[in-house]
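Residues per chain are reported as follows:
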Amino acid sequence: MTLRTKQNAHTCALGCVVHCVLVAAFSMKSVQGAERPELTRIFPAGGQAGTVVEVEASGKFPVWPLQVWSDCDSIRWSLEEKTGKLKAAIDSNAKPGLHWLRLHHPSGATAVHPFLVSNTFEQIEVEPNNRLAEATLIDSFPRFVHGVLSKRGEVDMYSVVLSAGQRLVATIDAERLLHSPLDATLQILDSEGFVLAENLDHFGLDPFIDLIAPRDGKYMIRVFGFPATPDQTIAFGGNDAWIYRLRIQSDVESLPSMPSLVGHKTLTLEADQATSRESAAWIQPPSRIVGKFEQQEQKTFLRFEAKSGEHYRLQLFARERGSELDATVAILDAQGKQLSKQDDVGNERDPDLRWKSPADGEYTIEIEDFHKAGGKNFDFEIAVCLQVPDFKLSIPSDLIQATVGKDVDIEVKIDREADFSGEIIVSLEGELEGMECPSVKSIHGSDTAKKVTLRLKSMVPFQGPVRVIARAVALGDSARLAQTEKEKPIWLSSVAE
């Protein structure tokens, strides 16, 4: 090869390198300049441990593939070549329950979405299944079925064969766990189409039915719904985001345990015990009381002594444990005057009453069903505890969006419980190299008592999970994590301008 040829080859190679660098730089710039991705749903939104689930992501993806973040190392996510297609390889030892998924790239991050893991066989509905004759057959259970009411007026039908006396427990997971914009209605019908049981709201907006089959034969499970946020809709609704998971079982799942009470005493009431103010059962907090409303218009009364300024928490479990009781809890003074009362807490149907005693004396707790109903499945448990001074914190969004070189304010709400008056230090934590975010103080009696603002300055692009935490010396310097809507994990997305 001549010298000129070698020089030409060297020039050509150098040109290729420069071209590759320019292409890579242009590609990175294109990625960074792309619009933020949007994820509106994943379907199915869950799977069985020990399986690989093909998942479809819907939304707006200017760039594909994206990167995947999950809070569970036992779920290995991979993205397919086709836009919106993912796979979830779920380890056999993956923890059952709620996990989280978020997609991101240098130009931004999507909303976080729930993904449910179970140890039970799971399947996807088979369309069409709008009519009795088209019902998807469920040949055995327990089983989870993922479905979607994808268009206005849609109804999904499933069929099961039961023996007389066999128990069927059906639950819809939608608004509460999957954050679906669906307020579902659940019905169980006989083979002729007559409705045997119906439920709208049990676990928050999600329905639950516990039925004993009256005879041998085929039974139908019907699912339809309305918007979780009420509007002018009077007909059955539906769109691609109205996903749900139908749980079909022969018994009630393991129920949530009562809160841990140090030195608590347990009192189990007989059916005719403590049904009037005069016969109220004496308790000494912390106490756990177990009871049942077997008759309509039945009430339960508990009496205790309190000192002026003491704070109490009355946490009742009924709907959370499969009971039909729609409970209310009230505090009465010695003369029977109502001092405080609670029914629902947001969308949750079980009361969680916080109360401060106005004076030394005897007080009565009154528990009843909102509809004055009663029956064999109207049991409850209530924990009555002294509440110690403490605090909680929250932020309005789980997605903190920032621009490199600019400040962004993170508003943190402080909820001081039981007259907590200590100094609180709030800070942002995570892999924050290249970030500036000084800690701030919340001081009782000042403008910062109930709200503080963290000011973040991002010097570099960043995508990743972070935590907003607070500590108080008066509480042993133990950390409190900021809560978000539905306890979603917090993410910081800092992009180049």
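Looking at the overall build of the chain
Thinking step 1. In terms of helices and strands, the chain carries two helices and 40 strands.
Thinking step 2. With respect to the principal axes defined by its C-alpha atoms, the chain has extents near 110 × 65 × 45 Å.
Thinking step 3. When the 497 residues of the chain are sorted by exposure, 47% land in the buried category.
Thinking step 4. As presented, the chain carries roughly 24900 Å² of accessible surface, and 50% of it is formed by carbon and sulfur atoms.
Thinking step 5. The distance from the centre of the 54 positive side-chain charges to the centre of the 71 negative ones in the chain is 4 Å.

So, the packing of aromatic side chains
Thinking step 1. Scanning the model with the defined rule gives 14 aromatic pairs in all.
Thinking step 2. The interplanar angle of 40° and the centroid separation of 6.4 Å between the aromatic rings of Phe304 and Tyr363 together place this pair among those described as tilted. Of this pair, Phe304 sits in strand S23 (residues 299-306) while Tyr363 sits in strand S28 (residues 361-369); the two residues are 59 residues apart in sequence, bridging distant segments of the chain. For the pair shown, Phe304 and Tyr363 are each scored as buried.
Thinking step 3. One aromatic cluster is present, formed by Phe304, Tyr312, Trp355 and Tyr363 through successive ring pairs.
Thinking step 4. Of note, Arg480 hangs over the ring of Phe391, and the distance from its end group to the ring centre comes to 5.5 Å.

Focus: the confidence of the model for the chain
Thinking step 1. Considering every residue of the chain, the mean pLDDT works out to 91; 91% of them sit at 70 or more.
Thinking step 2. Residue range residues 1-31 is modelled with pLDDT below 50. Its contacts to residues more than four positions away, or to other chains, number five contacts.

Some details on the environment of Ala274
Thinking step 1. Note that Ala274 resides in the loop between strand S20 (265-268) and strand S21 (281-282).
Thinking step 2. Overall, Ala274 belongs to the buried group, its relative accessible area being 2%.
Thinking step 3. Taking the C-alpha atoms as reference points, Ala274 and Thr300, separated by 26 residues in sequence, lie 5.5 Å from one another.
Thinking step 4. The contact partners of Ala274, leaving out residues within four places of it in the chain, are Leu269, Ser279, Ala280, Ala281, Lys299, Thr300 and Phe301.

A look at the sheet that holds strand S27 (residues 352-356)
Thinking step 1. In spatial order, the strands read S20-S22-S29-S24-S27; together these five strands make up an open sheet with mixed pairing. One side of each edge strand has no neighbouring strand; the edge strands of this open sheet are S20 and S27. Adjacent strand axes in the sheet meet at a mean angle of 15° when their direction is disregarded.
Thinking step 2. Here strand S24 (residues 311-317) runs beside strand S29 (residues 379-386); their pairing, made up of six bridges, is antiparallel. Note that in S29 the partner of Gln315 across the bridge is Ala383.

As for the pattern of salt bridges
Thinking step 1. A complete count under the given rule lists 31 salt bridges for this structure.
Thinking step 2. Residue Lys299 pairs with Glu366 through a salt bridge whose shortest N-O separation is 3.3 Å. Taken together, the positions of Lys299 in strand S23 and Glu366 in strand S28 put the pair 67 residues apart, joining distant regions of the chain.
Thinking step 3. The class of Glu366 is buried, set by a relative accessible area of 11%.
Thinking step 4. Arg480 is the salt-bridge partner of Asp390, the closest N and O atoms lying 3.1 Å from each other. Taken together, the residues span a long stretch of sequence, with Asp390 in strand S30 (residues 390-394) and Arg480 in strand S39 (residues 479-481) at a distance of 90 residues.
Thinking step 5. Overall, the relative accessible area of 19% leaves Asp390 in the buried class.
Thinking step 6. Here the residues in one salt-bridge network are Arg313, Asp352, Arg354, Lys392 and Glu417, joined through shared partners.

So, empty space enclosed by the protein
Thinking step 1. Considering all chains together, one arrives at one cavity of 30 Å³ or more under this definition.
Thinking step 2. Taken together, the residues that form the lining of the largest cavity break down as three nonpolar, four polar and two charged.

Section: the sheet that holds strand S34 (residues 435-436)
Thinking step 1. A sheet is described by the order of its strands in space; here four strands give the open sequence S30-S32-S36-S34, paired in antiparallel fashion. Only two strands of the sheet have a single neighbouring strand rather than two, namely S30 and S34.
Thinking step 2. The sheet contact formed by S34 and strand S36 (residues 451-458) spans two bridges and is antiparallel. For Met435, the partnering residue across the bridge sits in S36 and is Ser458.

Quick word on the side chain of Arg102
Thinking step 1. Along the polypeptide, Arg102 turns up in strand S7 (residues 97-105).
Thinking step 2. Polar contacts involving the side chain of Arg102 include one to the side chain of Asp398, which spans 3.1 Å.
Thinking step 3. The residues contacting Arg102, other than those within four sequence positions of it, are Gln67, Val68, Trp69, Ala109, Thr110, Ala111, Val112, Asp398, Leu399, Pro489 and Trp491.

What counts, and at which threshold
Residues numbered from 1 in each chain as written. Predicted model: local features only at pLDDT ≥ 70, side-chain atom pairs only at ≥ 80, totals over all residues. Heavy atoms only, no water. Helix = DSSP H or I, 4+ residues; strand = E, 2+ residues; numbered from the N terminus. Buried < 20%, exposed > 50% of the residue type's maximum accessible area, 1.4 Å probe, protein only. Areas by Shrake-Rupley, 256 points an atom, 1.4 Å probe, with all protein chains shown as cover. Lys, Arg positive; Asp, Glu negative; His and termini not counted. Charge placed at Lys NZ, Arg CZ, Asp CG, Glu CD. Phe/Tyr/Trp six-rings, centres within 6.5 Å; stacked < 30°, edge-to-face > 60°. Lys NZ or Arg CZ within 6 Å of the ring centre and 35° of its normal. pLDDT = per-residue confidence, 0-100. Contact = heavy atoms within 4.5 Å. Pairing = 2+ DSSP bridges. Axes fitted to C-alpha atoms, helices over the stretch in contact; angles between N-to-C directions. Salt bridge = Lys/Arg side-chain N within 4 Å of Asp/Glu carboxyl O. 1 Å grid on protein atoms, 1.4 Å probe; cavity = no way out; pocket = protein on both sides within 12 Å on 5 of 7 lines; lining within 4 Å. Points joined across faces, edges and corners; volume = space filled by probe spheres on them. Nonpolar A, V, L, I, M, F, W, Y, C, P; charged D, E, K, R; others polar. Polar contact = N/O pair within 3.5 Å; in protein donor to acceptor, adjacent residues only side chain to side chain.

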